[in-house]
Amino acid sequence: LSVGRAVLAALRGRLGALCWSLAPLPLPLPGWRDSAPRPQREQEWDETPPTPISVNYHFTRQCNYKCGFCFHTAKTSFVLPLEEAKRGLAMLKEAGMEKINFSGGEPFIQDRGEFVGKLVQFCKQELELPSVSIVSNGSLIRKQWFEKYGEYLDILAISCDSFDEDVNILIGRRQGKKNHVENLHKLRQWCREYAVAFKINSVINRFNVEEDMNEQIKALNPVRWKVFQCLLIEGENTGEDALREAEKFVISDEDFDRFLDRHKDVSCLVPASNQKMRDSYLILDEYMRFLNCRNGRKEPSKSILDVGVEAAIKFSGFDEKMFLRRGGKYVWSKADMKLDW
């Protein structure tokens, strides 16, 4: 049955792409209608569409934190029905996807983690993807989730921008009386218990750029420490129609380089400058539209559910060479990591 569904999804995607190429206006296929706003004009960047080898699916924009620099804010509350999300993921697998990363918003806010859990299980068990990962702030994850879905998850990335709780509060990374750093250590232990590779994401900004995180990162020993430079995206965290004002968090390239130099002895450090972030990530939004960030704002393609992966990805602005140059392809299956759990 699962094989049949994948084949039907692929055929449906190809039919959608054909309809889109023949008609002056895109015709959504039966079963789902894309009601999301679209840009007035879309620009096709590449004649040959790239392969969606690694995709970041932001299936929800809702979040329980209020990080001041967030560049994927809660502008809608829309979440695809589970079966439609699975259909899109099957289409991506057919198009060459090897790694899926679920993000938000906060992925665990939807159905208390059940939604993302079911997607994780589907991608690993039915689609047999080599790598399935999640990026989360960690505040809503329960041990029971690991017991139910941990075996299907390769990597859990927890966002932590500072090991000073006062700085986390300034940034907006806090809910109630929960201590973000204490929770980080608890999640690290659960990842060990349930054989999930542990990763840390940090956004370097004006409030943490002078911090020395060497000791704490080495103690937590993540498989990767992804260090992002604070990025402005028009309409998300800057501009008149934005829900955030991230200008006060921005740092210079020189400031970012100084932070990286201070932590050059951390072997798991993976830097992500603004230039690398804009062009080398395939981002899929809550409507399963690719988001093109080349012009400093997120310009959506048509949904892959309407026109297919190949037609939609042409407007993604994805730089496949930059993706490879920044180390986007790495050992991302926990079966290949040979970690001492």
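Residues numbered from 1 in each chain as written. Predicted model: local features only at pLDDT ≥ 70, side-chain atom pairs only at ≥ 80, totals over all residues. Heavy atoms only, no water.

Scanning the chain from terminus to terminus reveals 13 helices and ten strands. Within the chain, the fraction of its 341 residues that count as buried is 55%. Contacts in the chain between residues at least 24 apart in sequence constitute 76% of all its contacts with a sequence separation of at least 6. Taken as a whole, the chain presents about 15,500 Å² of accessible surface, with 49% of it coming from carbon and sulfur. (Helix = DSSP H or I, 4+ residues; strand = E, 2+ residues; numbered from the N terminus. Buried < 20%, exposed > 50% of the residue type's maximum accessible area, 1.4 Å probe, protein only. Contact = heavy atoms within 4.5 Å. Areas by Shrake-Rupley, 256 points an atom, 1.4 Å probe, with all protein chains shown as cover.)

Let us now look at the pairing of strand S5 (residues 197–204). Within S5, eight of the eight residues are buried, which leaves it mostly tucked inside the rest of the structure. Residues Ala197, Lys199, Asn201 and Val203 line one face of S5 and the alternating positions Phe198, Ile200, Ser202 and Ile204 line the opposite face, and both faces are buried. Bridge count for strand S4 (residues 155–159) against S5 is five bridges, and the pairing is parallel. Across the sheet, the residue bridging to Ile158 is Ile200, located in S5. When S5 meets strand S6 (residues 224–229), the two strands line up parallel, connected through six bridges. Paired with Ser202 across the two strands is Val227, which belongs to S6. Following the chain from S5 across helix H7 (residues 214–220) to the adjacent parallel S6, one finds a crossover that is right-handed. (Pairing = 2+ DSSP bridges. Right-handed = clockwise from strand over helix to strand, strands pointing away.)

This brings us to the packing of aromatic side chains. For the coordinates displayed, the defined rule picks out 15 aromatic pairs. On the numbers, 5.2 Å between centres and 65 degrees between planes, the contact of Phe207 with Phe249 is edge-to-face. Of this pair, Phe207 sits in the loop between S5 and H7 while Phe249 sits in the loop between S6 and helix H8 (253–262), placing them 42 residues apart in sequence. Linked through ring pairs, Phe108, Trp145, Phe146, Tyr149, Trp190 and Tyr194 together constitute an aromatic cluster. The ring of Tyr281 carries the charged tip of Arg326 above its face, separated from the ring centre by 3.8 Å. (Phe/Tyr/Trp six-rings, centres within 6.5 Å; stacked < 30°, edge-to-face > 60°. Lys NZ or Arg CZ within 6 Å of the ring centre and 35° of its normal.)

A separate point is the side chain of Glu286. Structurally, Glu286 is set in the loop between strand S8 (282–284) and strand S9 (289–292). Side-chain polar atoms of Glu286 contact the side chain of Thr76, separated by 3.0 Å. The contact partners of Glu286, leaving out residues within four places of it in the chain, are Tyr57, His58, Phe59, Arg61, His72, Thr76, Phe78 and Leu80. (Polar contact = N/O pair within 3.5 Å; in protein donor to acceptor, adjacent residues only side chain to side chain.)

What follows is about the packing of helix H2 (residues 82–94) against helix H3 (residues 114–126). For the pair H2 and H3, interaxial distance at closest approach is 11 Å and the crossing angle is 35 degrees. Crossing of H2 against H3: the hand is right-handed. In contact with Leu82, Ala85, Lys86 and Leu89 of H2, H3 contributes Phe115, Lys118, Leu119, Phe122 and Cys123. Each residue belonging to the contact of H2 with H3 can be placed in one class, and the counts come to seven nonpolar, no polar and two charged. (Axes fitted to C-alpha atoms, helices over the stretch in contact; angles between N-to-C directions. Left-handed = near helix turned anticlockwise from the far one by under 90°. Nonpolar A, V, L, I, M, F, W, Y, C, P; charged D, E, K, R; others polar.)

Take the pairing of S4 next. The buried count for S4 comes to five of five residues, which makes it a mostly enclosed element. Covered by surrounding structure in S4 are Ile155, Ala157 and Ser159 together with Leu156 and Ile158, the residues of both alternating faces. You can see the chain leave strand S3 (residues 131–136), run along helix H4 (residues 143–149) and come back into S4, and the turn it takes is right-handed.

Attention now goes to unusual backbone geometry. A cis amide bond, omega 15 degrees, links Gly104 with the succeeding residue Gly105. Residue position: Gly105 is located in the loop between strand S2 (99–103) and H3.

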